[in-house]
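Given next are the chains, with one letter for each unit.
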Amino acid sequence: SRVWREVQRRRWRWPPPHQGSNTKFKMSSSAAADSEGRKLFLGGLPFDVNEDDLRTDMSKFGELEDVQLPFDGGKHKGFAFITFRDPKDCKDASESHHQRPYRGREISARVVVPRGDPAHPDGARGGGAGGERP
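Residues numbered from 1 in each chain as written. Predicted model: local features only at pLDDT ≥ 70, side-chain atom pairs only at ≥ 80, totals over all residues. Heavy atoms only, no water.

### Some thoughts on the pairing of strand S7 (residues 105-111)
(1) Moving on: By the bridge criterion, 4 bridges tie strand S1 (residues 39-43) to S7 in an arrangement that is antiparallel. Across the sheet, the residue bridging to Phe41 is Arg110, located in S7.
(2) Moving on: Bridge analysis of strand S6 (residues 100-102) against S7 gives 3 bridges, and the strand direction is antiparallel. Residue pairing in the sheet places Tyr102 in a bridge with Arg105 of S7. (Pairing = 2+ DSSP bridges. Helix = DSSP H or I, 4+ residues; strand = E, 2+ residues; numbered from the N terminus.)

Have a look at this one:
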């Protein structure tokens, strides 16, 4: 039907309307932050923490470029990505917060390592499943 064709036509439009025209730049700068050791993963965050709290607490280690706190259904998912301007600041924040209480809850704080990198927790495999079990 005509409506179905319109849905299909809009589905494949690039870039999607909500992402704007500089999507490639955003993606490449994020990937650069990963490979340069400037992005910090925070997991196990208390659900009352907000983006302003993270900015305030993490900026003590150095200048921030970005804070990503993903939401789903009105509350955040319990993790965040913090991008620092300097890799040393990212490392300092990781060492200060990893497996330590943050606002009443023990969190994980790790410097992001790109998939496929030998230092990635999954190794060069790039995935977490597969292989034979002993």
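### Quick word on the packing of aromatic side chains
In this description, an aromatic ring pair is defined by two values, namely the gap between the centres and the angle between the planes.
(1) Moving on: By the definition in use, this model includes 3 aromatic pairs.
(2) Moving on: Ring geometry for Phe41 versus Phe81: centroids 5.6 Å apart, planes at 55 degrees, classification tilted. Here Phe41, found in strand S1, pairs with Phe81, found in strand S5 (residues 79-84); they are 40 residues apart in sequence, far enough to count as distant.
(3) Moving on: Under the relative-accessibility criterion, Phe41 is labelled partly exposed at 26%.
(4) Moving on: With a relative accessible area of 23%, Phe81 lands in the partly exposed category.
(5) Moving on: Among the aromatic residues, those joined into a cluster by ring pairs are Phe41, Phe79 and Phe81.
(6) Moving on: When the ring centre of Phe81 is taken as reference, the NZ or CZ atom of Lys39 above it lies at 5.7 Å.
(7) Moving on: One cation-aromatic arrangement involves Lys75 over Phe47; the distance from NZ or CZ to the ring centre is 4.8 Å. (Phe/Tyr/Trp six-rings, centres within 6.5 Å; stacked < 30°, edge-to-face > 60°. Buried < 20%, exposed > 50% of the residue type's maximum accessible area, 1.4 Å probe, protein only. Lys NZ or Arg CZ within 6 Å of the ring centre and 35° of its normal.)

### So, the sheet that holds strand S2 (residues 64-68)
(1) Moving on: Ordered in space as S2-S5-S1-S7-S6, the 5 strands form an open sheet in which the pairing is antiparallel. A single partner strand is all that each edge strand has here, and the edge strands are S2 and S6. Going from strand to strand, the sheet's axes swing by 35 degrees on average, the running direction of each strand aside.
(2) Moving on: Against the sheet, helix H3 (residues 51-58) contacts S1, S2, S5 and S6, and its axis sits at roughly 145 degrees relative to S2.
(3) Moving on: Across the sheet, helix H4 (residues 87-97) is in contact with S1, S5, S6 and S7; its angle to S7 comes to roughly 150 degrees. (Axes fitted to C-alpha atoms, helices over the stretch in contact; angles between N-to-C directions. Contact = heavy atoms within 4.5 Å.)

### Brief notes about the confidence of the model for the protein
(1) Moving on: Summarising the model, the protein shows a mean pLDDT of 78, and 66% of its residues fall at 70 or more.
(2) Moving on: When the criterion is pLDDT under 50, residues 124-131 qualifies, and its contacts beyond four places in sequence or with other chains add up to 5 contacts. (pLDDT = per-residue confidence, 0-100.)

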